[in-house]
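Each chain, written out:
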Amino acid sequence: MLVELVQDHSRLILIDQGFQDFGQFEAAVDDWNLDFILLSKGGFDANLHYSAINNCVLGKATFHCRLEQRGEAPKGMRTFVVPASDRVSYHWRRRHITGSTLQLFPKNGELFSVSGKNFSCYIISFPERHFQEAAKSVGYVLQGAKCEKAFVWEEKESDVLNLRNWCSLYQQGFIDKNDTLLQMLISSFAFSEKVDKQAHN
């Protein structure tokens, strides 16, 4: 479904909403193959934005409560996660994710994480074909089962800040081309010294 959406729309806002009611939040994400369990007591507070923009789905999720998240990566797409804040701290596939950690979701794989009260991340999904083409454009050939698995790697603070700024501009509609953003993400993935440290599968 997402692949068709990004092909048919130059810019389509799927959701842009704040939530103080957990039931309303669950209803809003019911069609996205995502399940959440509220782990903290007290009020629920979250903000969610998702847009389909020129062969890309860009999301920003901010949670001010502890949540268990389960779901599936979008079919036919590859998904990166960029922390939107230095204060990010949560666990994904037995790895501690911080404000300088980047992630690449497994191809068509199951997702699971437990987030704290400072969860704020950009989630960027590209069709597999564009992912492969962008990799070739930066001189990196993706091949074999290894490239279909989950990866976690640390990036320099200045580079993470640059990626955040690009994601923010893209989300707000100031940039309508995603080629540069995708190339930046793949370059970070391909040339990071720690790229060979796979997340537990």
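Placed above this text is the structure.
Bear in mind the structure is a predicted one, so any value in this text is a computation, not a measurement.

Overview of the pairing of strand β7 (residues 89–92)
- Going residue by residue along β7, you find Tyr90 and Trp92 tucked away on one face and Ser89 and His91 left uncovered on the opposite face.
- With four bridges joining them, β7 and strand β8 (residues 95–98) adopt antiparallel strand pairing. Looking at β8, one finds that Trp92 is bridged to Arg95.
- With antiparallel pairing between neighbouring strands as the criterion, β7 and β8 make up a hairpin whose turn holds two residues, including Arg93 at a positive phi of roughly 50°.
- One ladder, built from three bridges, connects β7 with strand β10 (residues 110–115); its direction is antiparallel. In the strand pairing of β10, Tyr90 is matched with Ser115.

Regarding the packing of aromatic side chains
- Within this structure, the stated rule accounts for 13 aromatic pairs.
- Summarising the aromatic geometry, the rings of Phe25 and Phe44 are spaced 5.3 Å apart at their centres and angled 50° between planes, so their arrangement reads as tilted. Pair noted here: Phe25 is in helix α2 (residues 22–28) and Phe44 is in the loop between β2 (34–38) and β3 (46–52), with a separation of 19 residues, a long-range link. Each member of the pair Phe25 and Phe44 is classed as buried.

Here we look at the pairing of strand β11 (residues 119–127)
- Here β11 lies mainly inside the structure; nine of its nine residues are buried.
- Across the two faces of β11 the burial is the same, with Phe119, Cys121, Ile123, Ser125 and Pro127 and Ser120, Tyr122, Ile124 and Phe126 all buried.
- Examined bridge by bridge, strand β4 (residues 57–63) and β11 share seven bridges and lie antiparallel to one another. Considered in β11, the bridge of Gly59 is made with Ile123.
- Pairing between strand β6 (residues 77–83) and β11: seven bridges, direction antiparallel. Residue pairing for β11: Val81 is matched across the bridge by Ile123.

Let's talk about the pattern of salt bridges
- As enumerated under the stated definition, the model contains four salt bridges in all.
- In this structure, the salt-bridge partner of Glu68 is Arg70, at a minimum N-O distance of 2.9 Å.
- Judged by relative accessible area, which is 38%, Arg70 ranks as partly exposed.
- With a shortest N-O distance of 3.2 Å, Glu133 and Arg129 are connected by a salt bridge. Separated by four residues within a single helix, Glu133 and Arg129 lie in helix α3 (residues 128–137), roughly one turn from each other.
- Judged by its relative accessible area of 42%, Glu133 falls in the partly exposed class.

Regarding the sheet that holds strand β1 (residues 12–19)
- Pairing is antiparallel in the open sheet, where seven strands are placed in the order β1-β3-β4-β11-β6-β9-β12. Across the chains shown, the open sheet's two edge strands, defined by having one partner strand only, are β1 and β12 (151–154). Across the sheet, the axes of successive neighbouring strands diverge by a mean angle of 15°, strand direction being ignored.
- Pairing between β1 and β3: seven bridges, direction antiparallel. Paired with Ile15 across the bridge in β3 is Tyr50.
- Contacts from helix α4 (residues 157–171) reach β3, β4, β6, β9 (101–104) and β11, with the element oriented near 70° to β11.
- Packed onto the sheet, helix α5 (residues 179–191) meets β6, β9, β11 and β12 and runs at close to 80° relative to β6.

Some points on α4
- Over its 15 residues, α4 extends 21 Å from the first C-alpha to the last, a length consistent with the 21 Å expected when each residue adds 1.5 Å.
- Within α4, burial applies to Val160, Leu163, Arg164, Cys167, Tyr170 and Gln171. Buried positions in α4, seen along its axis, are confined to an arc of 130° and lie on one side of it.

The rules behind the values
- Residues numbered from 1 in each chain as written.
- Predicted model: local features only at pLDDT ≥ 70, side-chain atom pairs only at ≥ 80, totals over all residues.
- Heavy atoms only, no water.
- Buried < 20%, exposed > 50% of the residue type's maximum accessible area, 1.4 Å probe, protein only.
- Helix = DSSP H or I, 4+ residues; strand = E, 2+ residues; numbered from the N terminus.
- Pairing = 2+ DSSP bridges.
- Phe/Tyr/Trp six-rings, centres within 6.5 Å; stacked < 30°, edge-to-face > 60°.
- Salt bridge = Lys/Arg side-chain N within 4 Å of Asp/Glu carboxyl O.
- Axes fitted to C-alpha atoms, helices over the stretch in contact; angles between N-to-C directions.
- Contact = heavy atoms within 4.5 Å.
- Expected span 1.5 Å × (residues − 1).
- Arc of directions from axis to C-beta.

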